[in-house]
Amino acid sequence: MLDRIRSLLSQDVFANISFLKMIDTCGDDVPFKLVERGGEWAAWLSVPTWRSPYDSAVDPETEFVVYIGCSEDLRLLQEVVSEIPRGKSFVFKVQRPDFRRVLEKTFQLRKVREFISYTSGLDSVLSYSPNVVEGACLEELLFSLWSKNGYSRHEIQGYFEQGARAYSILESGVPVSTCLVFPNYGRIW
């Protein structure tokens, strides 16, 4: 069943990247639900917060992180959302404003953080600055900045083992800004 969810989510990898990544990370040992009807679908995956180093660090008071996905028929999303177990504390990963409106019919929500993703085409021209230092391994000097964003040492080390790169600006030997580029899901970095 998770293979089917993966297939449906893969129709729009960018919108569903977090959900797809957690399917691969957690396998089928976490609760999930899929409803398909007439070519439309909706699904959720509920991951214990402790399974995600990032979520454990930034939302330690929650029990589960719930990923949701849906085609265009929001009635199916409402149907699957109604089957999320009650009596637990959740963080919902919401990719679309209309998903939030559906969730608000069943759960009392408050926004805790927001991420905006950007992408560039294959034809993008990159320019390099002499002030930027490139790194290909976990450096203690930079780890303190990454850990403030909820990354664990084990997680960062794993990214570098997969080819991650760090781009940082140092002032008087002290990092003032860093960017970590790593494989997120499939061919998406």
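Chemist: Even after reading the chapter, I still don't get the overall build of the protein chain, so can you show me in this structure?
Modeler: The secondary structure content of the protein chain amounts to seven helices and seven strands. Secondary structure elements in the protein chain, listed N-terminal to C-terminal, are α-α-β-β-α-β-α-β-α-β-α-α-β-β. Each principal axis of the C-alpha atoms in the protein chain carries an extent, and together these give about 55 × 40 × 30 Å. The buried share among the 189 residues of the protein chain stands at 37%. Long-range pairs, those at least 24 residues apart, make up 58% of the contacts in the protein chain with a sequence separation of at least 6. As presented, the protein chain carries roughly 11,600 Å² of accessible surface, and 52% of it is formed by carbon and sulfur atoms.

Chemist: Honestly, the pairing of strand E3 (residues 64–70) in this entry has me stumped. Any pointers?
Modeler: Consecutive residues of a regular strand have side chains that alternate between opposite faces of the sheet. In terms of burial, E3 is largely enclosed, as seven of its seven residues are buried. Alternating residues of E3 divide into Phe64, Val66, Ile68 and Cys70 and Val65, Tyr67 and Gly69, and every residue in both groups is buried. In this structure, strand E2 (residues 40–48) lies alongside E3, joined through seven bridges in antiparallel fashion. Residue pairing in the sheet places alanine 43 in a bridge with glycine 69 of E3. As defined by bridge partners, E3 adjoins strand E4 (residues 90–93) across four bridges and the pair is classed as parallel. Along E4, the bridge assignment pairs tyrosine 67 with lysine 93. Taking the sense of rotation as the criterion, the β-α-β connection linking E3, helix H4 (residues 74–81) and E4 turns out right-handed.

Chemist: What's the story with the packing of helix H1 (residues 2–9) against helix H2 (residues 13–26) in this structure? I'm lost.
Modeler: The relative placement of two packed helices comes down to the angle between their axes together with the axis-to-axis distance. Where H1 contacts H2, the two axes come as close as 9 Å, and the packing angle between them is 160°. It follows that H1 is roughly antiparallel to H2 by the angle criterion. The chirality of how H1 crosses H2 is left-handed. Listed contacts from H2 to Leu2, Ile5, Arg6 and Leu9 of H1 are Val13, Asn16, Phe19, Leu20, Ile23 and Asp24. Residues of the contact of H1 with H2, tallied by class, amount to seven nonpolar, one polar and two charged.

Thresholds, definitions, all that
- Residues numbered from 1 in each chain as written.
- Predicted model: local features only at pLDDT ≥ 70, side-chain atom pairs only at ≥ 80, totals over all residues.
- Heavy atoms only, no water.
- Helix = DSSP H or I, 4+ residues; strand = E, 2+ residues; numbered from the N terminus.
- Buried < 20%, exposed > 50% of the residue type's maximum accessible area, 1.4 Å probe, protein only.
- Contact = heavy atoms within 4.5 Å.
- Areas by Shrake-Rupley, 256 points an atom, 1.4 Å probe, with all protein chains shown as cover.
- Pairing = 2+ DSSP bridges.
- Right-handed = clockwise from strand over helix to strand, strands pointing away.
- Axes fitted to C-alpha atoms, helices over the stretch in contact; angles between N-to-C directions.
- Parallel < 35°, antiparallel > 145°, perpendicular 65-115°, else oblique.
- Left-handed = near helix turned anticlockwise from the far one by under 90°.
- Nonpolar A, V, L, I, M, F, W, Y, C, P; charged D, E, K, R; others polar.

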